[in-house]
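Close look at the chain arrangement
Spelled out from the first residue to the last, the chains are:
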Amino acid sequence: MKVIRTVAELKQKITEEKALRHSIGLVPTMGALHAGHISLIDRARANNDIVVVSVFVNPTQFNNPDDLRTYPRTEDADCEKLISAGVDYAFIPSVEEIYPEPDNRVFDLGPVADVMEGPMRPGHFNGVAQIVSKLFSMVEPNRAYFGEKDFQQIAVIRRMVELEGFNLDIIDCPIKREDDGLAMSSRNVRLTPEQRSIAPNIARTLNASLDYSLSHSVAETKQYVIDKINAFPQMEVEYYEIVNAATMQPINDWNDAQLAVGCITVYCGDVRLIDNIKYIR
Ligand code: PAF
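What comes next concerns the included structure.

Definitions and cut-offs
- Residues numbered from 1 in each chain as written.
- Predicted model: local features only at pLDDT ≥ 70, side-chain atom pairs only at ≥ 80, totals over all residues.
- Heavy atoms only, no water.
- Pairing = 2+ DSSP bridges.
- Helix = DSSP H or I, 4+ residues; strand = E, 2+ residues; numbered from the N terminus.
- Axes fitted to C-alpha atoms, helices over the stretch in contact; angles between N-to-C directions.
- Contact = heavy atoms within 4.5 Å.
- Core = buried A, V, L, I, M, F, W, Y, C linked by side-chain atoms within 4.5 Å.
- Buried < 20%, exposed > 50% of the residue type's maximum accessible area, 1.4 Å probe, protein only.
- Parallel < 35°, antiparallel > 145°, perpendicular 65-115°, else oblique.
- Left-handed = near helix turned anticlockwise from the far one by under 90°.
- Nonpolar A, V, L, I, M, F, W, Y, C, P; charged D, E, K, R; others polar.
- Phe/Tyr/Trp six-rings, centres within 6.5 Å; stacked < 30°, edge-to-face > 60°.

This brings us to the sheet that holds strand E9 (residues 271–279). What the three strands build is an open sheet, ordered E7-E8-E9; its pairing is antiparallel. Of all the strands in the sheet, the pair left with one neighbour each is strand E7 (235–244) and E9. Averaged over all pairs of adjacent strands, the angle between strand axes in this sheet comes to 15 degrees, irrespective of strand direction. Alignment of E7 against strand E8 (residues 260–268), held across nine bridges, turns out to be antiparallel. From the neighbouring strand, Glu241 faces E8, where its bridge partner is Cys263. Packing of helix H10 (residues 201–213) onto the sheet brings it into contact with E7, E8 and E9, and relative to E9 it is tilted by some 25 degrees.

Given below as structure tokens:
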């Protein structure tokens, strides 16, 4: 695996790979890699000649300076995992390399970004659109891989792709979970042992809500999830929305969406965890 730190070298390698007519799969990450990331890499490996993984903690998508400061950074361990996963290029740039000057672009992300994470984390999705669009321009991938844990993020990225006219496939990949059901996340390492033992109740409650939803309304199902999770010590639901998977807009009736997805954010202590569940009926 080649580690690349500059945009110039990345572009050089991409030109060489394109000249060889190699297809390119890109897995954008912020590092602190876990089995969820590796599952994206495995998908990319299976469907492309070359796999590029970017490892970059993107400051423009953090609306909370403490979250940026405490975000885990584990480059050496990440590189070992990337080598084992058979990655061809790890792009690990500095902030100055990606943003030699401030990125003032404001994306018109539309309704998909106006709900849930949008109002809760002002500027977050614009920052995601900034970095992902830069990566797409630099790597020119045929396919880019994203985890469904960040369900709304995928919708936002698809919107950005439409706005910018990128010619690539966005591949969404299922959530990877720990054995006890907790959705894998780089933030999980920040949980205390006690919080770590309580956190799987997010996924357990979402699962239990599937049955509950069969005989209850959308509003009742939302309340059921919120009340159950808030009853656990150290856990506080920031929001639980049940949305139309196609539009990200909240629904009032189960018939309002072909596929309804429940998206949740929970503070477990000061660690912000997200998860979601599909209400397949
Ligand atoms: O999902 C993430 O890890 C980040 O938002 C992404 C897509 C790598 C952009 O920084």
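Here the narrative resumes.
Okay, the nonpolar core next. A general tendency of soluble globular proteins is for nonpolar side chains to be buried together. One finds Phe136, Ile157, Met160 and Ile170 to be the most contacted residues of the largest nonpolar core, which totals 44 residues. By residue number, the principal contributor to this core is helix H7 (residues 124–139), which donates nine residues. Once you skip the residues sitting within four places of it in the chain, Ile170 turns out to touch Phe136, Ala144, Phe146, Ile154, Ile157, Arg158 and Val161. Residues Ala199, Val225, Ile242 and Leu273 belong to the second largest nonpolar core, which totals 26 residues.

This brings us to the packing of H10 against helix H11 (residues 218–230). The geometry of H10 relative to H11 is characterised by a closest axis approach of 10 Å and an angle of 150 degrees between their N-to-C directions. By the angle between their axes, H10 is roughly antiparallel relative to H11. Crossing geometry of H10 relative to H11 is assigned as right-handed. From H10, Asn201, Ile202, Thr205, Leu206, Ala208, Ser209, Tyr212 and Ser213 reach across to H11, where they touch Glu220, Thr221, Tyr224, Val225, Lys228 and Ile229. Its residues assigned to classes, the contact of H10 with H11 shows seven nonpolar, five polar and two charged.

Another aspect to go through is the packing of aromatic side chains. Applying the stated criterion to the full structure yields six aromatic pairs. Measuring from centroid to centroid gives 5.0 Å for Trp254 and Tyr279, while their planes differ by 50 degrees, and the two rings are tilted. Remark: Tyr279 occurs in strand E9 and Trp254 occurs in the loop between E7 and E8; sequence separation between them is 25 residues. With relative accessibility at 11%, the residue Trp254 sits in the buried group. Judged by its relative accessible area of 2%, Tyr279 falls in the buried class. One aromatic cluster in this structure is built from Phe136, Phe146 and Phe166.

Further remarks concern unusual backbone geometry. Trans peptide bonds make up the majority, and among non-glycine residues the majority have a negative phi. Although it is not a glycine, Arg21 sits at a positive phi angle of roughly 60 degrees. As for its position among the elements, Arg21 is in the loop between helix H1 (7–19) and strand E2 (24–29). Overall, the relative accessible area of 76% leaves Arg21 in the exposed class. Although it is not a glycine, Met248 sits at a positive phi angle of roughly 70 degrees. Examined against the element boundaries, Met248 turns out to sit in the loop between E7 and E8. Under the relative-accessibility criterion, Met248 is labelled buried at 1%.

Read across the sheet, six strands follow the order E1-E4-E3-E2-E5-E6 without closing on themselves; strand pairing throughout is parallel. In this open sheet, the two strands that pair with only one neighbour each are strand E1 (2–4) and strand E6 (169–173). Recorded for the sheet is a direction-independent mean angle of 25 degrees between the axes of neighbouring strands. Sheet analysis places E1 next to strand E4 (residues 89–91), joined by three bridges and oriented parallel. Considered in E4, the bridge of Lys2 is made with Tyr89.

Functional significance is not addressed by these values, which are geometric in nature.
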